Amino acid sequence: MAKLAPKKLLRLGVWDGYKSNGPKVKNEKPWFRVTNNTKFLKRYSSYLVTTGCDEEQSSRNYKIEGIAGKLDFNIRDSEGRIIAEVKQKESSCGISLKDVLSLKVEPLVDHSFVMALVAVYRLISHKM
(Lines give C-alpha, C1' and ligand atoms only; values in the text may rest on other atoms or scores of the structure.)
Protein backbone atom coordinates (compact mmCIF):
# COMPACT_ATOMS: atom_id res chain seq x y z
CA MET A 1 0.00 0.00 0.00
CA ALA A 2 1.17 3.52 -0.72
CA LYS A 3 0.29 7.00 0.51
CA LEU A 4 0.36 9.79 -2.06
CA ALA A 5 0.97 13.42 -1.21
CA PRO A 6 1.10 16.40 -3.59
CA LYS A 7 3.72 18.98 -2.68
CA LYS A 8 2.44 22.48 -2.04
CA LEU A 9 3.60 26.02 -2.76
CA LEU A 10 7.09 26.20 -4.27
CA ARG A 11 7.13 22.62 -5.51
CA LEU A 12 3.94 22.63 -7.56
CA GLY A 13 3.63 19.58 -9.82
CA VAL A 14 5.58 17.27 -7.51
CA TRP A 15 4.02 14.20 -5.90
CA ASP A 16 5.65 12.07 -3.20
CA GLY A 17 4.75 8.45 -2.55
CA TYR A 18 5.30 6.79 0.81
CA LYS A 19 5.25 3.10 1.71
CA SER A 20 2.28 2.64 3.98
CA ASN A 21 2.89 0.47 7.01
CA GLY A 22 0.60 2.34 9.38
CA PRO A 23 0.35 5.97 10.41
CA LYS A 24 2.79 8.43 8.82
CA VAL A 25 5.87 9.04 10.89
CA LYS A 26 7.15 12.61 11.17
CA ASN A 27 10.10 13.29 8.84
CA GLU A 28 9.41 10.10 6.87
CA LYS A 29 11.40 9.90 3.61
CA PRO A 30 9.43 9.38 0.37
CA TRP A 31 9.54 6.00 -1.39
CA PHE A 32 9.38 7.81 -4.74
CA ARG A 33 8.89 11.30 -6.18
CA VAL A 34 7.05 12.18 -9.42
CA THR A 35 7.85 15.48 -11.14
CA ASN A 36 6.34 16.96 -14.29
CA ASN A 37 8.77 16.75 -17.21
CA THR A 38 6.30 17.90 -19.88
CA LYS A 39 7.12 20.84 -22.10
CA PHE A 40 4.52 23.62 -22.07
CA LEU A 41 1.64 23.10 -24.55
CA LYS A 42 2.92 19.77 -25.88
CA ARG A 43 0.73 16.87 -26.98
CA TYR A 44 2.71 14.27 -25.02
CA SER A 45 2.90 14.17 -21.24
CA SER A 46 6.05 13.05 -19.47
CA TYR A 47 6.82 12.64 -15.77
CA LEU A 48 10.11 11.76 -14.13
CA VAL A 49 9.94 9.24 -11.27
CA THR A 50 12.81 9.05 -8.80
CA THR A 51 13.01 6.26 -6.23
CA GLY A 52 15.47 6.00 -3.39
CA CYS A 53 14.65 9.35 -1.83
CA ASP A 54 15.90 7.73 1.39
CA GLU A 55 19.67 7.37 1.83
CA GLU A 56 19.24 3.66 2.63
CA GLN A 57 17.77 2.93 -0.82
CA SER A 58 19.60 3.01 -4.11
CA SER A 59 18.34 5.71 -6.45
CA ARG A 60 16.58 4.64 -9.67
CA ASN A 61 14.80 6.70 -12.30
CA TYR A 62 11.69 5.88 -14.30
CA LYS A 63 9.60 7.82 -16.78
CA ILE A 64 5.84 7.92 -17.25
CA GLU A 65 4.90 8.76 -20.83
CA GLY A 66 1.43 9.34 -22.27
CA ILE A 67 -0.61 11.45 -24.63
CA ALA A 68 -2.36 14.46 -23.10
CA GLY A 69 -6.08 13.74 -22.62
CA LYS A 70 -5.73 9.96 -23.09
CA LEU A 71 -5.85 7.24 -20.46
CA ASP A 72 -3.12 5.11 -22.08
CA PHE A 73 0.48 5.46 -20.87
CA ASN A 74 3.75 3.58 -20.40
CA ILE A 75 6.21 3.39 -17.53
CA ARG A 76 9.84 3.05 -18.64
CA ASP A 77 12.95 2.24 -16.64
CA SER A 78 16.20 4.24 -16.83
CA GLU A 79 17.32 2.23 -19.87
CA GLY A 80 14.12 3.04 -21.80
CA ARG A 81 12.54 -0.42 -21.48
CA ILE A 82 8.77 -0.50 -20.93
CA ILE A 83 8.15 -2.07 -17.50
CA ALA A 84 4.40 -1.41 -17.42
CA GLU A 85 1.75 -0.53 -19.98
CA VAL A 86 -1.68 0.89 -19.17
CA LYS A 87 -4.42 0.92 -21.80
CA GLN A 88 -8.09 1.79 -21.80
CA LYS A 89 -10.04 -1.44 -22.05
CA GLU A 90 -12.44 -2.05 -24.92
CA SER A 91 -15.48 -4.31 -25.14
CA SER A 92 -15.48 -7.23 -27.56
CA CYS A 93 -17.28 -5.04 -30.14
CA GLY A 94 -14.62 -2.29 -29.91
CA ILE A 95 -16.36 0.22 -27.63
CA SER A 96 -14.03 1.95 -25.14
CA LEU A 97 -15.04 1.24 -21.55
CA LYS A 98 -14.88 4.44 -19.50
CA ASP A 99 -12.61 4.17 -16.45
CA VAL A 100 -11.73 0.51 -17.12
CA LEU A 101 -8.03 -0.05 -17.69
CA SER A 102 -5.85 -3.02 -18.53
CA LEU A 103 -2.41 -3.21 -16.97
CA LYS A 104 0.51 -5.26 -18.24
CA VAL A 105 3.54 -5.42 -15.92
CA GLU A 106 6.88 -7.02 -16.76
CA PRO A 107 8.15 -9.84 -14.51
CA LEU A 108 10.18 -8.94 -11.41
CA VAL A 109 8.63 -5.44 -11.20
CA ASP A 110 7.05 -4.38 -7.90
CA HIS A 111 3.29 -4.35 -8.56
CA SER A 112 2.53 -2.03 -5.63
CA PHE A 113 5.02 0.50 -7.05
CA VAL A 114 3.37 0.34 -10.49
CA MET A 115 -0.13 0.70 -9.00
CA ALA A 116 1.01 3.74 -7.02
CA LEU A 117 2.36 5.31 -10.23
CA VAL A 118 -0.93 4.54 -12.02
CA ALA A 119 -2.81 6.33 -9.23
CA VAL A 120 -0.46 9.35 -9.37
CA TYR A 121 -0.76 9.60 -13.17
CA ARG A 122 -4.56 9.45 -12.98
CA LEU A 123 -4.60 12.13 -10.25
CA ILE A 124 -2.20 14.37 -12.17
CA SER A 125 -4.22 14.05 -15.37
CA HIS A 126 -7.49 14.59 -13.43
CA LYS A 127 -8.90 11.24 -14.55
CA MET A 128 -9.58 9.83 -11.09
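Conventions used here
- Residues numbered from 1 in each chain as written.
- Predicted model: local features only at pLDDT ≥ 70, side-chain atom pairs only at ≥ 80, totals over all residues.
- Heavy atoms only, no water.
- Helix = DSSP H or I, 4+ residues; strand = E, 2+ residues; numbered from the N terminus.
- Buried < 20%, exposed > 50% of the residue type's maximum accessible area, 1.4 Å probe, protein only.
- Contact = heavy atoms within 4.5 Å.
- Salt bridge = Lys/Arg side-chain N within 4 Å of Asp/Glu carboxyl O.
- Pairing = 2+ DSSP bridges.
- Phe/Tyr/Trp six-rings, centres within 6.5 Å; stacked < 30°, edge-to-face > 60°.

**A short note on the side chain of Ser 46**
Logical step 1: If you trace the backbone, Ser 46 turns up in strand β4 (residues 44-51).
Logical step 2: Its relative accessible area of 13% is what places Ser 46 among the buried residues.
Logical step 3: Here Ser 46 is in contact with Thr 35, Asn 36, Asn 37, Thr 38, Lys 63 and Ile 64, once residues within four sequence places are set aside.

**A closer look at the pattern of salt bridges**
Logical step 1: This model, assessed by the stated rule, comprises six salt bridges.
Logical step 2: For Arg 33, the salt bridge identified is with Asp 16, shortest N-O distance 2.7 Å. Within this pair, whereas Arg 33 is found in strand β3 (residues 32-36), its partner Asp 16 is found in strand β2 (residues 14-19), the two being separated by 17 residues in sequence.
Logical step 3: A salt bridge links Arg 81 to Glu 79; the shortest N-O distance between them is 2.8 Å.
Logical step 4: Salt bridges linked by common partners bring Asp 77, Glu 79 and Arg 81 together as one network.

**With respect to the pairing of strand β6 (residues 73-76)**
Logical step 1: Sheet topology note: the strand β5 (residues 60-67)/β6 ladder contains four bridges and is antiparallel. The residue bridging Ile 64 from the neighbouring strand is Ile 75, located in β6.
Logical step 2: Where β5 folds back on β6, the antiparallel hairpin that results is connected by five residues, among which Gly 69 adopts a positive phi of roughly 85°.
Logical step 3: Where β6 lies against strand β7 (residues 82-90), four bridges are found, and the strand directions are antiparallel. Directly across from Asn 74, in β7, lies its bridge partner Glu 85.
Logical step 4: Hairpin connection from β6 to β7: five residues lie between these consecutive antiparallel strands, with Gly 80 at a positive phi of about 90°.

**A look at the packing of aromatic side chains**
Logical step 1: A full pass over the atoms with the stated rule returns six aromatic pairs.
Logical step 2: Between Phe 32 and Phe 113, the ring centres sit 5.7 Å apart and the planes meet at 80°, which makes this aromatic pair edge-to-face. You can see Phe 32 sitting in strand β3 and its partner Phe 113 sitting in helix α1 (residues 111-124), a full 81 residues away along the chain.
Logical step 3: A ring pair is formed by Tyr 47 and Tyr 121, whose centres lie 6.0 Å apart and whose planes are at 85°; its orientation type is edge-to-face.

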